[in-house]
Amino acid sequence: MKEFKVLAVDGGGIKGLYSAKILSLFEADLRREHGDAVRIVDYADLICGTSTGGLIALALALRIPAETICEFYETKGPKIFKGSQGVLARLRQTLWGGKFSDKALRDALQEMFEERTMAESECLICIPTYDFTHGTYEVFKFDHKEGGLSRHNKLSMVDVALATSAAPTFFPLAQIEKENNTQYVDGGVWANNPSLVGLTEAMSHFVGPGKAFDHLNLLSVSSLNFSAGKPPLLKRHRSFLRWAPDLFDLSLIAQSEFTDIFLGLTQQWKIVPITYTRVPSAVISREQARYITLDLVTPETFTLMKQFATDMYYEYRRKPSVQGFFAAPKRYRVRDSSPTPRDLNAATAAAELPFAADGALRTS
């Protein structure tokens, strides 16, 4: 059996720390077993990520340590979402140009990705967004020969990350000059759980009769989601001001849940040759829910997310499907020179990245 392995990471704003922490613990296991230079990307043929999951996907594709991605959320999150709970921020979100400027986000992404482009990815990548200019979905991809693709490799990862995370009412529209100034909205409006994007890409080009692979192994990592349920008999006639705090969350949660159900049935009914594993959201109590939102950046929030992630890691790390995903290195190489876990060494990995040897962001 030749497996094509897809890693999919949900969107969810600052809640991406939960997903990143789970992946960092998986990666730590790999590094203990195979050496410090090994990364998640060595085990995934394709990484898909939406919104904050897109940021994670792009960083993983560049061999940035997953622990460093966690550090990004904790150190840069308070700057990106500064004043998120203040009255002024909420007024801007409701009445003016959006809750936040994207300057702090762009600056943080620039520090992490520098001038790297999609062409520098070490695996196939799919990053959903929404083309607001032309009113249609869009997926930024690593240009691969199987699809005859030749469009996106020239794009900077900073621009792609901004396009997939331009959440309506939170951030301004993203605009990419190299795409003729096309404007984009957060990919979460249609693919917050990008697992179906990964399934579609894999079955279209890589898995199935006449293709290089005969089985799909899809590992999907959720963001933190809490129940969207409300008290009974609420006021039925609701203005935009009353709806605004809930609209984006409703869309994200419903999409993610339906995608999970669909893929579970796909595996159960053997529609395609697939092994599907979903690492879900933790169960969040009513008391804990006030610490978990798209843009809340407090020490309590970070602590709770890391606790949830660690518990979920211990629950899933020994599951056969998760162990199977990481049992062998990926087979698809985006370049003949792509490294493998066997020929990597820590010195080479450190020299290629803007990070110190311990994986921390360099400040100079």
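Structural data are supplied above this passage.
The following refers to the structure shown. Note that the structure is a prediction, hence the values are computed from the model and not measured. (Residues numbered from 1 in each chain as written. Predicted model: local features only at pLDDT ≥ 70, side-chain atom pairs only at ≥ 80, totals over all residues. Heavy atoms only, no water.)

### Side note on the state of the cysteines
Think of a disulfide as a covalent bridge from one cysteine sulfur atom to another cysteine sulfur atom.
Thinking step 1. Overall, the coordinates contain 0 disulfides when judged by the stated rule.
Thinking step 2. Cysteine Cys 123 remains unbridged, with the sulfur of Cys 48 as its closest cysteine sulfur at 9.1 Å.
Thinking step 3. Of the cysteine sulfurs around Cys 126, a residue in no disulfide, the closest is that of Cys 48, at 4.6 Å. (Disulfide = S-S within 2.5 Å.)

### Regarding helix H5 (residues 103–113)
Thinking step 1. Within H5, the full set of buried residues consists of Leu 105, Ala 108, Leu 109, Met 112 and Phe 113. Each buried residue of H5 lies within a common arc of 115° when the element is viewed along its axis, so the set occupies one face.
Thinking step 2. On the buried face of H5, the contacting elements are helix H2 (52–61), helix H3 (66–80) and helix H6 (157–164).
Thinking step 3. Trailing H5 by a residue or two, Glu 114 shows a phi angle of about 55°, which is positive. (Buried < 20%, exposed > 50% of the residue type's maximum accessible area, 1.4 Å probe, protein only. Helix = DSSP H or I, 4+ residues; strand = E, 2+ residues; numbered from the N terminus. Arc of directions from axis to C-beta. Contact = heavy atoms within 4.5 Å.)

### A short note on the pattern of salt bridges
Thinking step 1. For the structure shown, the criterion picks out 16 salt bridges.
Thinking step 2. Notably, a salt bridge pairs Glu 67 with Lys 21, separated by 3.9 Å at the nearest N-O pair. With Glu 67 in helix H3 and Lys 21 in helix H1 (residues 16–34), this residue pair connects regions lying 46 residues apart in the sequence.
Thinking step 3. Taking relative accessible area as the criterion, Lys 21 reaches 16% and is therefore assigned buried.
Thinking step 4. A salt bridge links Glu 111 to Lys 76; the shortest N-O distance between them is 2.8 Å. With Glu 111 in helix H5 and Lys 76 in helix H3, this residue pair connects regions lying 35 residues apart in the sequence.
Thinking step 5. Of the residues examined, Lys 76 reaches a relative accessible area of 13% and is grouped as buried.
Thinking step 6. A cluster of three or more residues bridged by salt bridges with shared partners is formed by Asp 29, Arg 32 and Arg 317. (Salt bridge = Lys/Arg side-chain N within 4 Å of Asp/Glu carboxyl O.)

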